[in-house]
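# Structure at a glance
Listed here are the chains, written in short residue letters.
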Amino acid sequence: MIPTSDQFDLVIIGGGPGGYSAALYAASAKMKVALVESDALGGTCLNRGCIPAKAFLETAAVHRHVAHAAEFGIEASPPSVNFKVTQERKQKIVAGLVGGIAAMCKGRKVEVFDGWGSLGPDHTVTVTAEDGSTTEITGTNVILAAGSVPRLIPGFERGGPIMTSDEVLDLDHIPARMVVIGGGAIGCEFASTFADLGAQVTILEGLPKILPGLDNDLANVVVRSFKKKQIDIRTGVMVHGHSPNDQGGTTVHFGDGEDIEVDAVVVSVGRRPFADRLGLDGTGVKVDERGFVVVDEFCRTGEDGVFAIGDLINTPQLAHVGYAEAILCVKQALGEAAAPVMYDRVPWAIYCDPEVAWAGPDEEAAKAAGYDVVVAKHPFKFNSRAQILGTTDGLCKIIAEKGPDGKAGRVLGVHMVGPWVTEQLSGGYLAVNWEATVDEVAEFIQPHPSLTELFGETVMTLTGRNFNG
Ligand SMILES: Cc1cc2nc3c(=O)[nH]c(=O)nc-3n(C[C@H](O)[C@H](O)[C@H](O)COP(=O)(O)OP(=O)(O)OC[C@H]3O[C@@H](n4cnc5c(N)ncnc54)[C@H](O)[C@@H]3O)c2cc1C
């Protein structure tokens, strides 16, 4: 043990989106910050999640554009894929962003400690480096941001053709036949990517539909589009095991005695919180039976001055939710007023093709919450920009609260599926979180021609009038 007198205003364990954003935000407020990370800065998001997955999806988009170039009057040979280049490109983006975080930490004098951080009594964090040496630091405040790791299914241990999102993102080739176990957001993004790049993809989902929790109208658009990509969607089926073959592939057993032979299996059944190396003995921090660190609405653990954020706690597993929670905690550490994150209104985005984005409850959830609602939906089919882009699958659906006069009032939820909707949600997000009424939002002018006109048109419909019926 090398004792140090290092006392910080804030010690953060975990350098993913939650941890690094807390560090940078706190440092910008002149706090003395230590950031402990056992692996690469950037966490899951930069190294094994959002960024590499979206880089692959962009390669898939380029493939689609080239494949359909003739429709635009551009004669091109049918595209072929050199996935090694895709992998290198993705890695360059990741390395650039990870390096950027390291540089920003240095620039703001955030002290980065390489090693495993474990919390003991009195806000003491012991950092154990790879060579076994230890350093002790203490923080007036501590934020636990240790994130999550992929969940596994018994009988589908990683290795050979069996992969989680971690291993898929290291592939340097396109498997000819792929099964994705789990039709959630991450599973659908991989299915979309590899189907667009020529793989024969099957999704096996235990629930009655893929993207459970997504508004039915939106989910139907995704299912139709996936079917056009020849993705075989099998819902309501459980996997029972698999039998590897000599060619490096395997046969997956599922449903009622069904088999499918594939070259790769992507196990995408969610992520579990990773509190495994956090110590916590002798502290008031509690971990629940599912492994989440227990916090209140202010992200406070049972130990005074110790917070937990991001995938480590039972809130939406999204990088930007981690950012919001980081700000919430730093403000409290600074003694400033801070409001809890409104989790039912955060923006959600799924980057498969077609993209999906929403904020606020969908129609079913709004009704279940007791709202009397008025709903409007418009398809991208008639939107001029979507026609110019050649991607017209999709719609915008807005759920508003019905007023006593029977007319649409406050915007409750904005749900979109189609081209670039992840970039279009901000207007809808603002409307939901500003608690704006449809009359107020309809006053705003959308540029023409633009995809966002669909949002404007859908809101206008809720005022009782519109341009495009
Ligand atoms: C394939 C994929 C795609 C995704 N796409 C999106 C997306 O498009 N948008 C989105 O918002 N979210 C997406 N996510 C989710 C997003 O990556 C996570 O919500 C986010 O990374 C969580 O941030 P975090 O800081 O809580 O944890 P993490 O990013 O998991 O970071 C935790 C960090 O803590 C470190 N650590 C753990 N324990 C210790 C310890 N004891 N000591 C020191 N260090 C430790 C880990 O090494 C890790 O670097 C995706 C996830 C995956 C897997």
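An account of the accompanying structure is given in this report.

Across the five residues of strand 2 (residues 33-37), five count as buried, placing the element largely inside the fold. Residue alternation in strand 2 divides its side chains into two sets, V33, L35 and E37 and A34 and V36, and both sets are buried. For the segment spanning strand 1 (residues 7-13), helix 1 (residues 17-28) and strand 2, crossover handedness is right-handed.

A word on the sheet that holds strand 14 (residues 258-262). Strand order across the open sheet formed by three strands is 12-13-14, with antiparallel pairing between neighbours. What marks the edges here is a single partner per strand, and that holds for strand 12 (239-244) and strand 14. Strand-to-strand twist in this sheet, taken as the mean axis angle between neighbours without regard to direction, amounts to 20°. As defined by bridge partners, strand 12 adjoins strand 13 (residues 250-254) across five bridges and the pair is classed as antiparallel. Each residue of the ladder has a partner; that of G241, found in strand 13, is H253.

Our next topic: the side chain of S450. Turning to its location among the elements, S450 is positioned in the loop between helix 12 (438-442) and helix 13 (453-462). One polar contact links the side chain of S450 to the main-chain carbonyl oxygen of P447, over a distance of 2.5 Å. A distance of 3.0 Å separates a polar atom in the side chain of S450 from a polar atom in the side chain of T452. Discounting residues that sit within four places of it in the chain, S450 has contacts with N383 and R385.

Orientation of helix 3 (residues 50-67) relative to helix 4 (residues 83-107), taken along the N-to-C sense of each, is 140°, at an axis distance of 9 Å. On the basis of their axis angle, the class for helix 3 and helix 4 is oblique. Both helix 3 and helix 4 take part in a crossing whose hand is right-handed. Facing I51, P52, A55, F56 and T59 of helix 3, the residues of helix 4 in contact are F83, T86, Q87, R89, K90, I93, V94 and L97.

This next bit is on the nonpolar core. Core analysis: the largest hydrophobic core is formed by 54 residues, its most contacted members being I12, V125, I137, I143 and L144. Here this core takes six residues from helix 1, the largest share from any one element. Not counting the four nearest positions on each side in its chain, V125 is found in contact with V11, I13, V36, G117, S118, L119, T135, E136, I137 and V142. Within the second largest apolar cluster, 37 residues are counted, among which are V168, A199, I210 and I233.

A few words on helix 4. Residue pairs three or four apart in sequence face the same way in an α-helix, which turns once every 3.6 residues. Taking 1.5 Å as the rise per residue, helix 4 with 25 residues should run 36 Å; its terminal C-alpha atoms sit 36 Å apart, in good agreement. Considered for burial, the residues of helix 4 that qualify are F83, T86, Q87, K90, V94, V98, I101 and C105. At its buried positions, helix 4 is contacted by helix 1, strand 2, helix 2 (43-48), helix 3, strand 3 (111-114) and helix 6 (185-196).

Criteria and cut-off values
- Residues numbered from 1 in each chain as written.
- Predicted model: local features only at pLDDT ≥ 70, side-chain atom pairs only at ≥ 80, totals over all residues.
- Heavy atoms only, no water.
- Buried < 20%, exposed > 50% of the residue type's maximum accessible area, 1.4 Å probe, protein only.
- Helix = DSSP H or I, 4+ residues; strand = E, 2+ residues; numbered from the N terminus.
- Right-handed = clockwise from strand over helix to strand, strands pointing away.
- Pairing = 2+ DSSP bridges.
- Axes fitted to C-alpha atoms, helices over the stretch in contact; angles between N-to-C directions.
- Polar contact = N/O pair within 3.5 Å; in protein donor to acceptor, adjacent residues only side chain to side chain.
- Contact = heavy atoms within 4.5 Å.
- Parallel < 35°, antiparallel > 145°, perpendicular 65-115°, else oblique.
- Left-handed = near helix turned anticlockwise from the far one by under 90°.
- Core = buried A, V, L, I, M, F, W, Y, C linked by side-chain atoms within 4.5 Å.
- Expected span 1.5 Å × (residues − 1).

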